[in-house]
Amino acid sequence: AMMRVFARFREAGSEREGGLIAAFPDERTVETTFVRRPDQNFSFTLDRVFPPRTSAVEIHSQCAEPAVQSLAAGQHAIIYAYGHGGSGKATTVFGQRDGKEQGLLLSVLDSLCAQSLGPFVVTAVDIYRETLRDLFAPKSGSAASLKLRDSAAGSSVEGAIELVIAEPSELAEVSDAELTSIG
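This write-up is about the structure you can find in this document. (Residues numbered from 1 in each chain as written. Predicted model: local features only at pLDDT ≥ 70, side-chain atom pairs only at ≥ 80, totals over all residues. Heavy atoms only, no water.)

### A closer look at the overall build of the chain
Argument step 1. From N to C terminus, the chain includes 4 helices and 11 strands.
Argument step 2. Taking all 183 residues of the chain together, 27% fall into the buried category.
Argument step 3. Contacts in the chain between residues at least 24 apart in sequence constitute 51% of all its contacts with a sequence separation of at least 6.
Argument step 4. When the accessible surface of the chain is totalled, it reaches about 12,200 Å², and 52% of it is carbon and sulfur. (Helix = DSSP H or I, 4+ residues; strand = E, 2+ residues; numbered from the N terminus. Buried < 20%, exposed > 50% of the residue type's maximum accessible area, 1.4 Å probe, protein only. Contact = heavy atoms within 4.5 Å. Areas by Shrake-Rupley, 256 points an atom, 1.4 Å probe, with all protein chains shown as cover.)

In structure tokens form, the structure reads like this:
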């Protein structure tokens, strides 16, 4: 199994971002400076850095395509989004609510269905303050107790809803209906 680390940046809003200035000297590096603390400069080198105006197509080719190749070969794949609330994790994974940009999850399913592969089992879990939340669970009612489990077969989230998806449109319908409170 191979793990690659990417960073996607969105347009900065000066107050919300705390006056953070980001520069992208190359496709693997981001350099940050805080406006209020210019002496605090940081440089990070990752497998790939996506500046704010990067297209969904480019993000798909770098992030989703390796997952498609793994799944087509019969392996598991995970797309893990990390960041503070409102940083764009849900938009990156599930797409924009207005449909202007497809998220990585639908992009992966589209590619797999184009290869006549499937159906697929999909889970979506949010981790906040060490608490797991099932993103496919109905918003009303009591939340199921989720537990992260490791075994020789791999990791899983016990108690999470597993959707069997044969066509990407099925996940799009669930995304519109259920994923309204992700931030």
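On we go from here.
### A short note on the pattern of salt bridges
Argument step 1. Under the definition given, this model contains 4 salt bridges.
Argument step 2. In this structure, Asp-39 engages Arg-37 in a salt bridge whose closest nitrogen and oxygen atoms are separated by 3.4 Å.
Argument step 3. Judged by relative accessible area, Asp-39 falls into the exposed class, the value being 57%.
Argument step 4. The partner of Asp-126 in a salt bridge is Arg-133, with the nearest N and O atoms 3.4 Å apart. (Salt bridge = Lys/Arg side-chain N within 4 Å of Asp/Glu carboxyl O.)

### A few points about the sheet that holds strand β2 (residues 20-26)
Argument step 1. Spatial ordering of the open sheet is given by β2-β3-β4, a layout of 3 strands whose pairing is antiparallel. Across the chains shown, the open sheet's two edge strands, defined by having one partner strand only, are β2 and β4 (37-45). Each strand of the sheet is rotated relative to its neighbour by a mean of 20°, with strand direction disregarded.
Argument step 2. With 6 bridges joining them, strand β3 (residues 29-34) and β4 adopt antiparallel strand pairing. Paired with Val-30 across the bridge in β4 is Phe-44. (Pairing = 2+ DSSP bridges. Axes fitted to C-alpha atoms, helices over the stretch in contact; angles between N-to-C directions.)

### Section: the packing of aromatic side chains
Argument step 1. Per the counting criterion, the structure on display carries 3 aromatic pairs.
Argument step 2. Relative to Phe-24, the ring of Phe-9 has its centre 5.2 Å away and its plane inclined at 65°; by these criteria the two rings are edge-to-face. Residue Phe-9 is located in the loop between β1 (6-8) and β2, and its partner Phe-24 is located in strand β2; the two are separated by 15 residues in the primary sequence.
Argument step 3. Taking the relative accessible area as the measure of exposure, Phe-9 reaches 22% and is therefore partly exposed.
Argument step 4. According to the relative accessible area criterion, Phe-24 is partly exposed, its value standing at 27%. (Phe/Tyr/Trp six-rings, centres within 6.5 Å; stacked < 30°, edge-to-face > 60°.)

### A word on the pairing of strand β9 (residues 147-151)
When a strand is regular, its side chains alternate between the sheet's two faces.
Argument step 1. With 5 bridges joining them, β9 and strand β10 (residues 154-158) adopt antiparallel strand pairing. Bridged to Arg-149 within β10 is Ser-156.
Argument step 2. In this antiparallel pair of consecutive strands, β9 and β10, the connection spans 2 residues.

### Digging into the side chain of Asp-134
Argument step 1. Residue position: Asp-134 is located in strand β8 (residues 131-134).
Argument step 2. Given a relative accessible area of 9%, Asp-134 falls into the buried group.
Argument step 3. For Asp-134, the side chain forms a polar contact with the main-chain nitrogen of Phe-136, separated by 2.9 Å.
Argument step 4. From its side chain, Asp-134 meets the backbone nitrogen of Ile-161 in a polar contact 2.5 Å long. (Polar contact = N/O pair within 3.5 Å; in protein donor to acceptor, adjacent residues only side chain to side chain.)

### Side note on helix α1 (residues 56-72)
Argument step 1. The axis of α1 is deflected most strongly, by about 45°, at Ala-64, and proline Pro-66 appears within four residues downstream.
Argument step 2. Along α1, the residues classified as buried are Ile-59, His-60, Cys-63, Ala-64, Ala-67 and Val-68.
Argument step 3. Elements that come into contact with the buried residues of α1 comprise β1, β5 (48-50) and α3 (104-114).
Argument step 4. At the C-terminal side of α1, Gly-74 shows a positive phi close to 85°. (Bend = angle between axes of the 7 residues up to and from the residue.)

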